[in-house]
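Residues per chain, in single letters:
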Amino acid sequence: MKINWTRVILGGLIAGLIVNVCEFLVNGLLLRGEWAAAMKALNLSSEMGIFPTAVFWLWGFLIGLYSLWLYTTIRPHFGAGPKTAVIAGIAVWIPSSLLAMAGPAALHLFRYRLIAAGVAVGLVEIVIGTVVGAWFYKEQRH
């Protein structure tokens, strides 16, 4: 079997969309006031321009693509299905959310509530996105 890159991209974009929607709902709506206060405490504007917004959306899609690529590469070892997608999702979450927030936590840049929310939401959105994206993946026959 060889990797079906069209399906990796399709599943990855779907996974990335799930990540981006979750990020918008949690950070853009639910925690908006807390993020504004955190940015004000750092003497930064809480208003997001087009460039930062685009970077965050790109990050979400890249996370989705990376998680689907990882899923396809570990499938031969773990087998196809949701269990393997969860493993891939957790493996992507560790560096992209858990470890990424270690620096800001150590420097006390943000309240621990915001950091914990980011890490927890990251786990849920990346794992769910990977599972849903993996559902769209089918290997290519020679």
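Values in this document were obtained by computation on a predicted structure and should not be read as measured data.

Before going further, it helps to spend a moment on the packing of aromatic side chains. This model, assessed by the stated rule, comprises five aromatic pairs. Ring geometry for W57 versus F61: centroids 6.3 Å apart, planes at 40 degrees, classification tilted. One end of the pair is W57 and the other is F61, both in helix α3 (residues 50-78) and four residues apart, which spans about a single turn. What makes W57 partly exposed here is its relative accessible area of 34%. Of the residues examined, F61 reaches a relative accessible area of 24% and is grouped as partly exposed. Relative to Y137, the ring of Y71 has its centre 6.4 Å away and its plane inclined at 85 degrees; by these criteria the two rings are edge-to-face. Of this pair, Y71 sits in helix α3 while Y137 sits in the segment after α6 (112-135), placing them 66 residues apart in sequence. Judged by its relative accessible area of 2%, Y71 falls in the buried class.

A separate point is the pattern of salt bridges. A complete count under the given rule lists two salt bridges for this structure. Here E34 and R111 are joined by a salt bridge, their closest N and O atoms 3.7 Å apart. Here R111 lies in the loop between α5 (102-106) and α6 and E34 lies in helix α2 (residues 32-41), a separation of 77 residues in the sequence. Assessed through its relative accessible area of 21%, E34 is described here as partly exposed.

Looking at the secondary structure, you find T84 in helix α4 (residues 82-98). With a relative accessible area of 1%, T84 lands in the buried category. At 2.4 Å, the side chain of T84 and the backbone oxygen of G79 are in polar contact. Setting aside residues up to four positions removed in sequence, T84 forms contacts with Y71, I74, R75, F78 and G79.

The subject of this paragraph is a nonpolar patch on the surface. On the surface, L17, V21, F24, L25, L29, M48, F56 and W57 cluster together into a nonpolar patch covering about 760 Å² of accessible area. Where the nonpolar patch is concerned, the elements lending two or more residues are α1 (5-30) and α3. Among the elements that take part in the nonpolar patch, α1 stands out by supplying five residues, more than any other. Relative to the assigned elements, L17 resides in helix α1. Look at L17 and you get partly exposed, because its relative accessible area is 42%.

Turning to the confidence of the model for the protein, a few remarks are in order. When pLDDT is averaged across the protein, the result is 94; 98% of the residues are at 70 or more. Confidence scores differ between elements of the protein, with α2 showing the lowest mean pLDDT of 93 and α4 the highest of 98.

Further remarks concern unusual backbone geometry. Positive phi outside glycine occurs at N43, with the angle close to 60 degrees. With respect to the secondary-structure elements, N43 resides in the loop between α2 and α3. A residue is classified by how much of its surface remains accessible, and N43, at 72% relative accessible area, is exposed. Despite not being glycine, H108 has its phi angle at roughly 55 degrees, a positive value.

How each quantity is defined
- Residues numbered from 1 in each chain as written.
- Predicted model: local features only at pLDDT ≥ 70, side-chain atom pairs only at ≥ 80, totals over all residues.
- Heavy atoms only, no water.
- Phe/Tyr/Trp six-rings, centres within 6.5 Å; stacked < 30°, edge-to-face > 60°.
- Helix = DSSP H or I, 4+ residues; strand = E, 2+ residues; numbered from the N terminus.
- Buried < 20%, exposed > 50% of the residue type's maximum accessible area, 1.4 Å probe, protein only.
- Salt bridge = Lys/Arg side-chain N within 4 Å of Asp/Glu carboxyl O.
- Polar contact = N/O pair within 3.5 Å; in protein donor to acceptor, adjacent residues only side chain to side chain.
- Contact = heavy atoms within 4.5 Å.
- Patch = residues over 30% accessible without salt bridge, like charges linked within 9 Å, V, L, I, M, F, W, Y side chains within 5 Å.
- Areas by Shrake-Rupley, 256 points an atom, 1.4 Å probe, with all protein chains shown as cover.
- pLDDT = per-residue confidence, 0-100.

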